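Residue strings, one per chain:
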Amino acid sequence: MTRKRFKVVEPEAELTDEQLDEDERALRALRIDLPGTGGAPSGIISMAVTNRLPKKEFFRCHPTNTVVVPMVDHVRGMDVEYNIVAPSMVAELASIDIDALPYRLWQILTAEGSSIIIPVRQADLDGNQNSWNQTKETALIRAQSVWLRVGSDRPNGRYRAFEAPPTRFADPVFPDLSMAKIIRLAFTDRGRLIDSPQHPLFLKWGRARC
């Protein structure tokens, strides 16, 4: 008998607003990969957000927890911080020469049990996506079904993926969290949702432009 690896959740886009809880409604308002949205094709745990895939550790990618949202990045010290942008603020940011771009968020789980959100910048309007982002996303898709680790192929500007032996790791057990809850934990609760002209980053960038 084959063991079921993941609990499949019905797509939230099929539910009405009245059927969604507050977090789910907040996520729906942010997404740009649902039909009818701009850019669309017709216990508390720590949730890190980084564009760096683990390079010396095997990981798996959640098969369903992925969304596309508008984002801006911001260098803070030695790190790059990613902020989700509410659709109502995209034009406001553009007015001060800050572009909110589409990123797909992926949830991964490392072999050591770390749960991480990986934002990957999507292709532009001409369908262009740099090779680092393209090969990163290819690895993430592949990691939905097998354990992988990645290495940097700098001469060719891309990632290389290495698959673990089939029996090396057990099936992954992801945190029992919806993507809506993850968005709240990783972004909203940390002040990384730009949903108002009063957001500190908007005020900072606006002053810098004056």
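Check the entry above for the structure.
Now for a look at the structure at hand.

Calculation rules
- Residues numbered from 1 in each chain as written.
- Predicted model: local features only at pLDDT ≥ 70, side-chain atom pairs only at ≥ 80, totals over all residues.
- Heavy atoms only, no water.
- Helix = DSSP H or I, 4+ residues; strand = E, 2+ residues; numbered from the N terminus.
- Buried < 20%, exposed > 50% of the residue type's maximum accessible area, 1.4 Å probe, protein only.
- Areas by Shrake-Rupley, 256 points an atom, 1.4 Å probe, with all protein chains shown as cover.
- Contact = heavy atoms within 4.5 Å.
- Salt bridge = Lys/Arg side-chain N within 4 Å of Asp/Glu carboxyl O.
- Core = buried A, V, L, I, M, F, W, Y, C linked by side-chain atoms within 4.5 Å.
- Arc of directions from axis to C-beta.
- Axes fitted to C-alpha atoms, helices over the stretch in contact; angles between N-to-C directions.
- Parallel < 35°, antiparallel > 145°, perpendicular 65-115°, else oblique.
- Nonpolar A, V, L, I, M, F, W, Y, C, P; charged D, E, K, R; others polar.
- Polar contact = N/O pair within 3.5 Å; in protein donor to acceptor, adjacent residues only side chain to side chain.

A word on the overall build of the protein chain. Regarding its fold elements, the protein chain presents five helices and eight strands. Sequence-ordered secondary structure for the protein chain, helices as α and strands as β, is α-β-β-β-α-β-β-α-β-β-α-β-α. Here the protein chain holds 210 residues, and 42% of them are scored as buried. Working note: accessible area of the protein chain is about 12,200 Å², and carbon and sulfur atoms make up 50% of it.

Counting buried positions along helix 4 (residues 179–186) gives six out of eight residues, so the element sits mostly inside the fold. Of the residues making up helix 4, those classed as buried are Met179, Ala180, Ile182, Ile183, Leu185 and Ala186. Buried-residue contacts for helix 4 involve helix 1 (22–30), strand 1 (48–49), strand 2 (59–76), strand 3 (79–85), strand 4 (101–110) and strand 5 (115–121).

Summed over the entire model, instances satisfying the criterion amount to eight salt bridges. Ionic pairing is found between aspartate 23 and lysine 181, a salt bridge with its closest N-O pair at 3.5 Å.

Okay, the nonpolar core next. Judged by nonpolar contacts, the single largest core of 22 residues is most densely connected at Met71, Ile84, Leu105 and Phe187. Secondary-structure elements contributing two or more residues to this core are helix 1, strand 2, strand 3, strand 4 and helix 4. The greatest single-element share of this core, amounting to six residues, is contributed by helix 4. If sequence neighbours within four positions are ignored, isoleucine 84 has contacts with Leu30, Val69, Pro70, Met71, Leu105, Ile183, Phe187, Arg192, Leu193 and Ile194. Membership of the second largest hydrophobic core comes to 14 residues, among which are Phe59, Trp106, Ile118 and Ala139.

Let us look at helix 5 (residues 200–209). Since the α-helix advances by 3.6 residues per turn, residues separated by three or four positions end up pointing in the same direction. Every buried residue belonging to helix 5 is among Leu201, Phe202, Trp205 and Gly206, and all of these are buried. Buried positions in helix 5, seen along its axis, are confined to an arc of 130° and lie on one side of it. Along helix 5, the residues that are exposed and aim more than 90 degrees away from the buried face are Pro200, Arg207 and Ala208. Where helix 5 is buried, its residues touch strand 2, strand 3, helix 2 (90–94) and strand 8 (193–194).

For the pair helix 1 and helix 4, the least separation of the axes is 8 Å and the interaxial angle reads 85°. Taken together, the axes of helix 1 and helix 4 lie roughly perpendicular to each other. Contacts from Asp23, Glu24, Leu27 and Leu30 in helix 1 reach Met179, Ala180, Lys181, Ile183 and Arg184 in helix 4. Across the contact of helix 1 with helix 4, the residue classes break down as five nonpolar, no polar and four charged.

Okay, the side chain of histidine 74 next. Along the chain, histidine 74 turns up in strand 2. Relative accessible area serves as the criterion here: at 9%, histidine 74 is assigned to the buried category.

Bringing the environment of threonine 50 into the picture now. As for its position among the elements, threonine 50 is in the loop between strand 1 and strand 2. Here the alpha-carbon distance between threonine 50 and proline 119, two residues 69 residues apart in the chain, equals 6.9 Å. Other than its neighbours up to four places away in sequence, threonine 50 contacts Ile116, Ile117, Ile118 and Pro119. Reaching out from threonine 50, the side chain makes a polar contact with the backbone nitrogen of arginine 52 at a distance of 3.1 Å.

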